[in-house]
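One letter stands for each residue in the lines below.
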Amino acid sequence: MDLRIFTEPQQGATYDTLLTVAKATEDLGFDAFFRSDHYLPMGGVDGLPGPTDAWITLAGLARETKRIRLGTLMTAGTFRLPGVLAIQVAQVDQMSGGRVELGLGAGWFEEEHRAYGIPFPKEKFARLEEQLAIVTGLWATELGKTFDFHGTYYHLTDSPALPKPAQKRIPVLVGGHGATRTPRLAAEFADEFNIPFASIEDSERQFGRVRAAAEEAGRGADALTYSNALVVCVGRDDREVARRAAAIGREVEELKANGLAGSPAEVVDKIGRYAAIGSQRIYLQILDLDDLDHLELISAEVQSQLS
């Protein structure tokens, strides 16, 4: 079971804070540092000092880390044209020495689009399908050849399909709860399927849909990695768990029901139940980015029991 650190910087974080967490992620032996791709805070927080851009952040971290994987859950398809996104991600992959992964989603948070003048199209999912085809198609085009694409929303003609990433294939993540179109997209384009903030029962059901779609597409169900993203709140005792829950504005029992919360033993047990239904990787949503002791505890008392 891989454990990855997943941050929500739109809630309030500077680049320096993210760098500190990324370096701790690396030093403590976690597999990867991922971040969300949002420009507006959620849940009534002020979000100060303001948003940081996902791919600018990852470009900086690419030069200041050495081992960890770097990526997004999920890059909003509404924020960037697919040809530009392919260039950005390939460049950051080069800057990192081949450690980048791209989670790409349709985009959903209409308020942040209004706040920053970003178009919020009605047909987001159909656009996402074309975006995935373009980004992966540009990277896969042989050197010296050109890439063309003519869809409903995007048209590329005689693209040199450059630059190329450092990796032969940048891993692509597709995720979500959709019962039909999401599994089909994952089966066609993804290396990993991620379901965010889902119960064990819902995860098992969705993994089954994706596995069936992958078989139908001729890839085989095991061609994909299956993962969860879950909020985490671990403490050495009940008081520490309660303190950490209060710091992120959540209730302990709610966190235990909907995430990974409690003592290290409780969290290890619940991760084991996700593993039993096919989850191979957990993205630990860390909401208090100043609490590095939390990461140290998870590394020492949770990760050490899963390796």
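Note: the structure precedes this text.
Residues numbered from 1 in each chain as written. Predicted model: local features only at pLDDT ≥ 70, side-chain atom pairs only at ≥ 80, totals over all residues. Heavy atoms only, no water.

Trainee: I tried to follow the packing of helix α5 (residues 124-140) against helix α6 (residues 181-189) on my own but got confused; where do I start?
Mentor: When two helices pack together, you describe them by how their axes are tilted relative to each other and by the distance separating the axes. Relative orientation of the contacting elements α5 and α6 amounts to 5 degrees, with a least axis distance of 11 Å. When the interaxial angle is binned, α5 and α6 end up roughly parallel. Facing α5, whose interface residues are F125, L128, E129, L132, A133 and T136, α6 presents R181, T182, R184, L185, E188 and F189. Class assignment of the residues belonging to the contact of α5 with α6 gives a composition of 6 nonpolar, 2 polar and 4 charged. (Axes fitted to C-alpha atoms, helices over the stretch in contact; angles between N-to-C directions. Helix = DSSP H or I, 4+ residues; strand = E, 2+ residues; numbered from the N terminus. Parallel < 35°, antiparallel > 145°, perpendicular 65-115°, else oblique. Contact = heavy atoms within 4.5 Å. Nonpolar A, V, L, I, M, F, W, Y, C, P; charged D, E, K, R; others polar.)

Trainee: Teacher, can you tell me more about empty space enclosed by the protein here?
Mentor: A probe as big as a water molecule, rolled over the atoms, marks out the empty space that is left. As enumerated under the stated definition, the model contains 1 cavity of 30 Å³ or more in all. In this model, the largest cavity occupies a volume close to 80 Å³. Counting residues per element, the ones that place at least two in the lining of the largest cavity are β10 (225-234) and α8 (238-247). (1 Å grid on protein atoms, 1.4 Å probe; cavity = no way out; pocket = protein on both sides within 12 Å on 5 of 7 lines; lining within 4 Å. Points joined across faces, edges and corners; volume = space filled by probe spheres on them.)

Trainee: Would you mind going over the side chain of K124 with me for this structure?
Mentor: Along the polypeptide, K124 turns up in helix α5. One buried charge, K124, has no salt-bridge partner; the nearest side chain with opposite charge is E110, at 7.1 Å. A polar atom in the side chain of K124 sits 3.4 Å from the backbone oxygen of P121. Contact partners of K124, with chain neighbours within four places excluded, come to T78, A106 and G107. (Buried < 20%, exposed > 50% of the residue type's maximum accessible area, 1.4 Å probe, protein only. Lys, Arg positive; Asp, Glu negative; His and termini not counted. Salt bridge = Lys/Arg side-chain N within 4 Å of Asp/Glu carboxyl O. Polar contact = N/O pair within 3.5 Å; in protein donor to acceptor, adjacent residues only side chain to side chain.)

Trainee: Is there a simple way to think about the packing of aromatic side chains in this case?
Mentor: Aromatic ring pairs are reported here in terms of the distance separating the ring centres and the angle at which the planes meet. Counted under the stated rule, the structure contains 6 aromatic pairs. With a centroid separation of 5.0 Å and 70 degrees between ring planes, the pair formed by F34 and Y283 is classed as edge-to-face. On the criterion of sequence distance, the pair formed by F34 in strand β2 (residues 32-35) and Y283 in strand β12 (residues 281-286) is long-range, its members being 249 residues apart. In this structure, F34 and Y283 share a single accessibility class: buried. Linked through ring pairs, Y39, F79 and Y116 together constitute an aromatic cluster. Here the basic side chain of R181 rests over the ring of F125, its NZ or CZ set 4.2 Å away from the ring centre. (Phe/Tyr/Trp six-rings, centres within 6.5 Å; stacked < 30°, edge-to-face > 60°. Lys NZ or Arg CZ within 6 Å of the ring centre and 35° of its normal.)

Trainee: So what exactly am I meant to see when it comes to the nonpolar core here?
Mentor: One broad trend across soluble globular proteins is that nonpolar side chains are buried collectively. With 75 residues, the main nonpolar core has W55, W139 and L284 as its most contacted residues. A total of 8 residues in this core trace back to one element, the largest contributor, which is α5. Apart from the residues within four sequence positions on either side, W55 is in contact with T72, T75, R80, L85, V89, V92, V100, E101 and L102. (Core = buried A, V, L, I, M, F, W, Y, C linked by side-chain atoms within 4.5 Å.)

Trainee: Any chance you could explain the layout of surface pockets here in plain terms?
Mentor: Put simply, the largest pocket is a space of about 1100 Å³. Lining the largest pocket are 46 residues; nearest its centre among them are E8, H38, L73, W108 and F197. Listed by contribution, the elements that provide at least two residues to the lining of the largest pocket are β4 (75-76), β5 (100-105), α5, β8 (172-175), α6, β9 (192-196) and β10. Taken together, the residues of the lining of the largest pocket sort by class into 22 nonpolar, 18 polar and 6 charged.

These figures capture arrangement, not role.
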